[in-house]
Each structure stands twice: as structure tokens, then as C-alpha cells.
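# Structure at a glance
Single-letter residue listing:
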Amino acid sequence: MKVYGKSKGCITCQQTKMFLDMNNVEYEFIDVEQDVAARERLVDLGFAALPVIEVDGEMWSGFDPGKLSKYV
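Here we summarise the structure given alongside this text. Numbering of residues starts from 1 in each chain and follows the order in which that chain's sequence is written. With pLDDT at 70 or above as the cut-off, local features in this predicted model cover only qualifying residues; side-chain atom pairs require 80 or more to be listed or tallied, and sums for whole chains, interfaces and linings still use all residues. Note that water and hydrogens are dropped before the side-chain values are worked out from all heavy atoms of the structure.

### Brief notes about the state of the cysteines
When the sulfur atoms of two cysteines come within 2.5 Å, that pair is taken as a disulfide. Using the criterion set out here, one finds 1 disulfide in the structure. Here C10 pairs with C13 through a disulfide, and the sulfurs are 2.3 Å apart. Handedness of the C10-C13 disulfide follows from its S-S torsion of about 70°: it is right-handed. Only protein chains enter the accessibility calculation, which uses a 1.4 Å probe. A residue is then buried if its area is under 20% of the maximum for its type, exposed if over 50%, and partly exposed in between. For C13, a relative accessible area of 0% corresponds to the buried category.

Here's what the structure looks like:
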């Protein structure tokens, strides 16, 4: 699982990371402020909001505990 977001100033990014951490889900956090290529990829795919979660070929944006619960 990959979580694309911002380390600072993104409440939903922090909520997503907190949810995953509390449920011991392994993930890679990619800070799109530091990783320009990742940010450009998300824009090219049409994402305009963070975080973007990528897992098993599926991608979605926003903090969605229902979807995340499938991977707990």
C-alpha cells in the first residue's frame, strides 16, 4: 500500500496515516511536496485532493475508513 500526501498541513493525510498505524497496516508514505514525479503522476491521473491511496491496482483519494478497513 502506498499513501501519497503531504507531511504537514493535510489533516486527512494525518488521519489516514493514524488509522493505518493504529491498525498495524504496513504502507509507504510518499510526500508529494518532496517527490515531484509522484505529484505529477497523480495530477496526470486526474487526482486533485490528498491523500491518494494506491493498493492492489486500485487508487482513490481522501480518508475513507471503509475502504481502508478491507486491508486491516
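### Observations regarding the nonpolar core
Only buried residues count toward a nonpolar core. Its members are Ala, Val, Leu, Ile, Met, Phe, Trp, Tyr and Cys residues joined through side-chain atoms within 4.5 Å. In terms of nonpolar packing, the biggest core is built from 8 residues, these being V3, F19, L20, V25, I53, V55, W60 and L68. Any pair of residues with heavy atoms lying within 4.5 Å of one another is described as a contacting pair. Ignoring sequence-local partners within four residues, the contact set of V25 consists of M1, L20, Y71 and V72. In this structure, Y4, I30, V32 and A38 belong to the second largest nonpolar core, which totals 6 residues.

### Digging into unusual backbone geometry
Omega for the bond connecting L50 with P51 falls within 30 degrees of zero, at -5°, which places this linkage in the cis form. Positive phi values are uncommon outside glycine, yet N24 reaches one of about 55°. Considering the arrangement of structural elements, one finds N24 in the loop between α1 (11-22) and β2 (28-31). Of note, the phi angle at D56 is positive, near 50°, even though the residue is not glycine. Numbered from the N terminus, helices here are DSSP runs of H or I no shorter than four residues, and strands are runs of E no shorter than two. Tracing the backbone through its elements, the reader meets D56 in the loop between β3 (52-55) and β4 (58-61). Judged by its relative accessible area of 70%, D56 is exposed.

### Quick notes on α1
The span one expects for a helix is its residue count, reduced by one, times 1.5 Å. Between its first and last C-alpha, α1 extends 16 Å over 12 residues, near the 16 Å set by a 1.5 Å rise per residue. Taken together, the buried positions of α1 are C13, T16, K17, F19 and L20. Here the buried residues of α1 occupy an arc of 160° about the axis, which is enough to place them on one side. For α1, the exposed residues set more than 90 degrees away from the buried face come down to I11, M18 and M22. One or two residues past the end of α1 sits N24, with phi positive at roughly 55°. Arc, as used here, means the arc of the directions from the helix axis to the C-beta atoms.

All quantities given are derived from atomic positions and should not be read as evidence of function.
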